[in-house]
There are 2 protein chains.
Amino acid sequence: MSRAGLTPALVVQEAARLSDERGFDSLSLAMVAARLGVATPSLYKHVDGLPGLRREVALLGVNDIGACLQRAAVGRSGPDALRATADAYRRYAHAHPGRYAALQQMPRWAGAEVELSHDPVTVLAAVLRGFDIPEERMVHAIRALRSGLHGFVDLEMRGGFGLPEDVNESYALVVEGFVRVFRSWSASG
Amino acid sequence: MSRAGLTPALVVQEAARLSDERGFDSLSLAMVAARLGVATPSLYKHVDGLPGLRREVALLGVNDIGACLQRAAVGRSGPDALRATADAYRRYAHAHPGRYAALQQMPRWAGAEVELSHDPVTVLAAVLRGFDIPEERMVHAIRALRSGLHGFVDLEMRGGFGLPEDVNESYALVVEGFVRVFRSWSASG
DNA sequence: CCTCTTGGCTAATGGGATTAGCTTCGAAGA
DNA sequence: TCTTCGAAGCTAATCCCATTAGCCAAGAGG
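The following refers to the structure shown. (Residues numbered from 1 in each chain as written. Chains lettered and ligands numbered in written order. Predicted model: local features only at pLDDT ≥ 70, side-chain atom pairs only at ≥ 80, totals over all residues. Heavy atoms only, no water.)

1. Observations regarding the relation of the copies chain A and chain B
In plain terms, the rule: Superposing the copies works by least squares over the C-alpha atoms of residues that have pLDDT at least 70 in both of them. In what follows, residue pairs with any heavy atoms lying within 4.5 Å of each other are defined as contacts.
Superposing chain A onto chain B takes a rotation of 180° plus a shift of 0.0 Å along the axis, which leaves an RMSD of 0.1 Å. In the structure described here, the two chain copies are related by an operation that fits a two-fold rotation axis. Using C-alpha coordinates, one finds that chain A approaches the rotation axis most closely at Gly 151 of chain A, a distance of 1.7 Å. When the interface residues of chain A are mapped onto chain B, 97% of them again fall at the interface, so both copies present the same face.

Encoded structure:
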């Protein structure tokens, strides 16, 4: 390797780090290049321009959060699993705001060879399976859960909750709301 | 040539229209200027650069959606009001995706002289008042509702719901979920 | 008719993305 | 060890957009 020893993985990793620090929106090739000590055009040997880099960061984020959720859910079931997973979800977003913002743009390039080793939606689906929800409602349940978790985290990270009331408590109540609703949807009443 | 007869309001309106058509992210002064038939720098006489323009569009969006929600809620109460408002919320986002995206960035410049004639959060709060929720839970309830509505609409607009299941039905179920939860939170049990 | 404010313009600067084409590192093989 | 070749990184050049500076004319008020 000629000097810097870059690899696609290294570039993407640095980009992800930068996204977390400065925001996914302001991610730029120039910034990544500076951080890696190379000239901007050099990056084109490893990633497919800015759009490609953003896509890679998103992909990294999806797999990352999927792994987190899985780790949180393993060994639990029902409401307990839901609580743990919801917690992990929010914690991931806080820890990696840039990656989290990035992965929201994934659907655009969906259908591609996305190759998820850890799909967050699959984990949520598995968690919901512990609620005995009739099959024809499963998709709706997953959508509802994703909406609630994402909406809360998104508003929170944008500074949308201005009042002094404890945000953790709000989140806990949201999660308990889901527990209640999903119980009410269960086949057994 | 005071020919073009621009005003701040006109510029912002065109910017909002463009945001809805091409996406708030790709809004640019150059595009707005072209659309209005003037040179880019001319816009600086009316708005405070690109950041200022984005802020104005966001402000427009907040007031817009606030007015929509208010119109939907008036004359109704309780679950009925909640359903109507939730519907209006989603409909607004679909009709004006650019403005909707813009208003999510409002919190950043909050505290300013924001002067909302129609504050969407206030409307939601009023709607929730019909559920007899204890005062100390009100803020949490509003946060939960905002999270659910925003999260759903956001995921939907990003193409996050890929499966063929009816999205309208999913949304209806989410709203009914809120009805159930808020009922359970009501002081009267 | 004169003047002053003000909206719109052109020119110029700076930054980021992207492309083209050059150079040199470093490994594989004679 | 010497040669060759592919790939990594670089510089130069182009394009697009935001922003600033400074010019000019139009229209209201006297």
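There is more to say, and it comes next.
2. Quick notes on the packing of helix H4 (residues 78-95) of chain B against helix H7 (residues 135-157) of chain B
All names here are of chain B. For the record, the criterion: Angles shown run from 0 to 180 degrees and are taken between the N-to-C directions of axes, each axis being a line fitted to C-alpha atoms and, for helices, limited to the stretch in contact. Put simply, DSSP H or I for four residues or longer makes a helix, DSSP E for two residues or longer makes a strand, and each gets a number counted from the N terminus. If you view the pair so one helix is near and one far, a crossing is left-handed when the near helix is turned anticlockwise from the far one by less than a right angle, and right-handed when it is turned clockwise. Classification convention: Asp, Glu, Lys, Arg as charged; Ala, Val, Leu, Ile, Met, Phe, Trp, Tyr, Cys, Pro as nonpolar; all other residues, Gly among them, as polar.
With their axes 10 Å apart at the nearest point, H4 and H7 run at an angle of 35° to one another. Crossing hand, H4 versus H7: right-handed. Along the contact surface, H4 presents Leu 82, Ala 86, Tyr 89, Arg 90, Ala 93 and His 94, while H7 presents Leu 145, Leu 149, His 150, Phe 152, Val 153, Glu 156 and Met 157. Considering only residue class, the contact of H4 with H7 consists of nine nonpolar, two polar and two charged.

3. Overview of the protein's contact with DNA strand D
To keep things clear, this is the line we draw: By convention in this text, a residue qualifies as near a molecule or strand provided that one of its non-hydrogen atoms is within 4 Å of it. Two N or O atoms form a polar contact when they lie within 3.5 Å of each other; inside protein one atom must be a possible hydrogen donor and the other a possible acceptor, and for residues adjacent in sequence the pair counts only when both atoms belong to side chains.
Neighbouring DNA strand D are 20 residues, the closest being Ser 42, Lys 45 and His 46 of chain A together with Tyr 44 and Leu 50 of chain B. When the atoms of DNA strand D within 4 Å of the protein are grouped by moiety, sugar and phosphate amount to 59% of the total. Between DNA strand D and Ala 39 of chain A, the relevant distance is 2.8 Å, taken from a phosphate oxygen to a main-chain nitrogen or oxygen of the residue. Contacts to DNA strand D include Leu 50 of chain B, whose backbone N or O atom sits 2.8 Å from a phosphate oxygen. Those elements that provide at least two residues to the surface near DNA strand D are helix H2 (29-36) and helix H3 (49-73) of chain B. Counting residues per element, the surface near DNA strand D draws most heavily on H3 of chain B, which supplies three residues. Class assignment for the residues of the surface near DNA strand D results in 12 nonpolar, seven polar and one charged.

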